[in-house]
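Commentary on secondary and tertiary structure
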Amino acid sequence: RPRYRLLETIRQFAHAQLDAAEEVAAVRDRHLAWARELTTAAEPELTGRAQAEWLDLLEDEHDNLRAAADWATATRDGATLWAMAGHLAFFWVLHGHFVDAVHVVERAQELSDGVPEAMQLAGRWASAYVALYAGAYERGYVEALEVIERASALGDDRILGRALDTLATIEMFIDLIGARAHLEQAI
């Protein structure tokens, strides 16, 4: 894929021109919409045959995704932060971007007011999943239990299965019988 880069001085000049024309917010809004569309398209591919290509693409766009998350935070767009969190879980874990994951989820939690619980669910699972692979087992365990309860109440079998799998993976270290039961339930 061709990629375009700007010298920092040219980027600063372009930003100054956008600022003078009072178009910075509009451009950043379009950039945020693009990032949300990209992560939405990537999410199902991250567990499919094209996983490696999508992981590479997301890595190439990682700085853009960070900038988009920063703008979503600045504009108090909690719904987009939750969506991005839910879509990027596998990318963050497979590429070791644990700090980015924690930052996006923490910001999303701060901006949860007015965001329907169903829209938060995948992002909440992502937080538990990332915690598991970051070695924060206790946090992952507690969060997975919360997601299981919420997913059950909302009837979201997809997230319920993922949360049960996450919980069972953590339980493999402390309770093999419980882990097996949760894996069977996840299936």
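As a starting point, this report considers the structure included with it. Keep in mind it's a predicted model, so treat the numbers as computed, not measured.

**Brief notes about the packing of aromatic side chains**
Taken as a whole and judged by the stated rule, the model has 5 aromatic pairs. With 5.4 Å between their ring centres and 45° between their planes, Tyr137 and Phe173 make a pair best called tilted. A residue pair is termed long-range when its members are at least 10 positions apart, and Tyr137 in helix α8 (residues 137–154) and Phe173 in the loop between α9 (157–171) and α10 (176–186) qualify at 36 residues. Here Tyr137 falls in the partly exposed class, since its relative accessible area comes to 38%. Looking at Phe173, the relative accessible area reads 60%, which means it is exposed. What links up through ring pairs into an aromatic cluster is the set Phe90, Trp125, Tyr129 and Tyr133. In this arrangement the basic side chain of Arg162 is found over the ring face of Trp125, its NZ or CZ atom lying 5.0 Å from the centre.

**Some details on the environment of Leu58**
In this fold, Leu58 is placed in helix α3 (residues 51–60). For Leu58, a relative accessible area of 0% gives the class buried. When the C-alpha positions of Leu58 and Arg180 are compared, they lie 33 Å apart, and in sequence the two are 122 residues distant. Leave out the neighbours within four places in its chain, and Leu58 touches Leu38, Ala42, Leu46, Leu65, Leu88 and Phe91.

**Points about the packing of helix α2 (residues 24–45) against helix α5 (residues 78–94)**
The contact between α2 and α5 brings their axes to 8 Å, and the two run at 30°. Taken together, α2 and α5 sit at an angle that is classed as roughly parallel. Classified by chirality, the crossing of α5 by α2 is left-handed. Where α2 approaches α5, its residues Leu32, Arg36, Thr39, Thr40 and Glu43 are matched on the opposing element by Ala79, Thr80, Ala83, Met84, Gly86, His87 and Leu88. A breakdown of the residues in the contact of α2 with α5 according to their chemical character gives 5 nonpolar, 5 polar and 2 charged.

**So, the packing of α9 against α10**
Packing of α9 against α10 leaves a shortest axis separation of 8 Å and a crossing angle of 165°. Judged by the angle between their axes, α9 and α10 are roughly antiparallel. When the axes of α9 and α10 are compared, the crossing they make is left-handed. Here Gly161, Leu164, Asp165, Leu167, Ala168 and Glu171 of α9 lie close against α10, whose contacting residues are Leu176, Gly178, Ala179, His182, Leu183, Gln185 and Ala186.

What counts, and where the lines are drawn
- Residues numbered from 1 in each chain as written.
- Predicted model: local features only at pLDDT ≥ 70, side-chain atom pairs only at ≥ 80, totals over all residues.
- Heavy atoms only, no water.
- Phe/Tyr/Trp six-rings, centres within 6.5 Å; stacked < 30°, edge-to-face > 60°.
- Helix = DSSP H or I, 4+ residues; strand = E, 2+ residues; numbered from the N terminus.
- Buried < 20%, exposed > 50% of the residue type's maximum accessible area, 1.4 Å probe, protein only.
- Lys NZ or Arg CZ within 6 Å of the ring centre and 35° of its normal.
- Contact = heavy atoms within 4.5 Å.
- Axes fitted to C-alpha atoms, helices over the stretch in contact; angles between N-to-C directions.
- Parallel < 35°, antiparallel > 145°, perpendicular 65-115°, else oblique.
- Left-handed = near helix turned anticlockwise from the far one by under 90°.
- Nonpolar A, V, L, I, M, F, W, Y, C, P; charged D, E, K, R; others polar.

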